[in-house]
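# Remarks on the overall topology
Chain by chain, the residues run as shown.
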Amino acid sequence: LAKTTQPISMDSYEGQEVNITCSHNNIATNDYITWYQQFPSQGPRFIIQGYKTKVTNEVASLFIPADRKSSTLSLPRVSLSDTAVYYCLVGDTGFQKLVFGTGTRLLVSP
Amino acid sequence: EAQVTQNPRYLITVTGKKLTVTCSQNMNHEYMSWYRQDPGLGLRQIYYSMNVEVTDKGDVPEGYKVSRKEKRNFPLILESPSPNQTSLYFCASSFGLRGANTEAFFGQGTRLTVV
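Attention in this report is confined to the structure presented alongside it. Remember, it's a predicted structure, so these values are computed and weren't measured experimentally. (Residues numbered from 1 in each chain as written. Chains lettered and ligands numbered in written order. Predicted model: local features only at pLDDT ≥ 70, side-chain atom pairs only at ≥ 80, totals over all residues. Heavy atoms only, no water.)

With that settled, the discussion passes to the interface of chain B and chain A. In this assembly, 29 residues from chain B lie in contact with 18 residues from chain A. Our count for the contact surface shared by chain B and chain A stands at 1 salt bridge. For the pair chain B and chain A, the interface holds 8 residue pairs in polar contact (both at pLDDT 80 or more). For the side of chain B that touches chain A, the secondary-structure elements that each account for two or more residues are β4 (31-38), β5 (42-51), β9 (87-94) and β10 (104-106) of chain B. In the side of chain B that touches chain A, the residues fall into 13 nonpolar, 11 polar and 5 charged. (Contact = heavy atoms within 4.5 Å. Salt bridge = Lys/Arg side-chain N within 4 Å of Asp/Glu carboxyl O. Polar contact = N/O pair within 3.5 Å; in protein donor to acceptor, adjacent residues only side chain to side chain. Helix = DSSP H or I, 4+ residues; strand = E, 2+ residues; numbered from the N terminus. Nonpolar A, V, L, I, M, F, W, Y, C, P; charged D, E, K, R; others polar.)

Structure (structure tokens):
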């Protein structure tokens, strides 16, 4: 399984764009990159998934450079409700075994 | 609404008293799994199921049992709960197993306390 490295925590203010980078140097050819969000005492929630280049949905964008050794989750104009832990998952086991690391604790302040 | 439903949400029980945490999904997903989340240890997989009657152990299966008699249900059974099973439990399901379409849907969680 590809090991991922993310910042432990990040701080931001309402209305700012937040970029969380995940490093995964040992990513395999078959691996997808998936991001989840988790609020305290709630189950993780899927945010976005990608394989290469850029993926955008209604809540976030995912940027993946050509070498795929890292990825960046971009949250546009965050609000207080975006305060949560964000996990980057990389691995070819897919749903069979989701490996959640320690994640990035994002705190959005007014 | 597509969802994974766990019950109960909160449970306090005594050591040795058998209990079952139910999990049901309404998305016709083949794949389901159970996780426990503990401070400092993150989410750890207990069991997973590839289909009806097909289950396998995850990383921390000791003290737990599961069954998958129907596609939509995947109950977690603690035959003789112990205090070290006090934790926050999540059930998850997915349409796909690998590659794309592996978005996992998680339940709301069950906070179990064993005294």
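The probe, sized like a water molecule, is rolled over the atoms to show the empty space still left. The calculated volume of the largest pocket comes to roughly 530 Å³. Those elements giving two or more residues to the lining of the largest pocket turn out to be β8 (84-91) and β9 (104-109) of chain A together with β4, β9 and β11 (110-114) of chain B. When the residues that make up the lining of the largest pocket are grouped by side-chain class, the tally is 12 nonpolar, 11 polar and 3 charged. The computed volume of the second largest pocket comes to approximately 400 Å³. In terms of lining, the second largest pocket is formed by 18 residues, of which the most central are A:Pro44, A:Arg45, B:Phe105, B:Phe106 and B:Gly107. Listed by contribution, the elements that provide at least two residues to the lining of the second largest pocket are β4 (45-50) of chain A together with β1 (4-7) and β10 of chain B. Per-class residue counts for the lining of the second largest pocket are 8 nonpolar, 7 polar and 3 charged. (1 Å grid on protein atoms, 1.4 Å probe; cavity = no way out; pocket = protein on both sides within 12 Å on 5 of 7 lines; lining within 4 Å. Points joined across faces, edges and corners; volume = space filled by probe spheres on them.)

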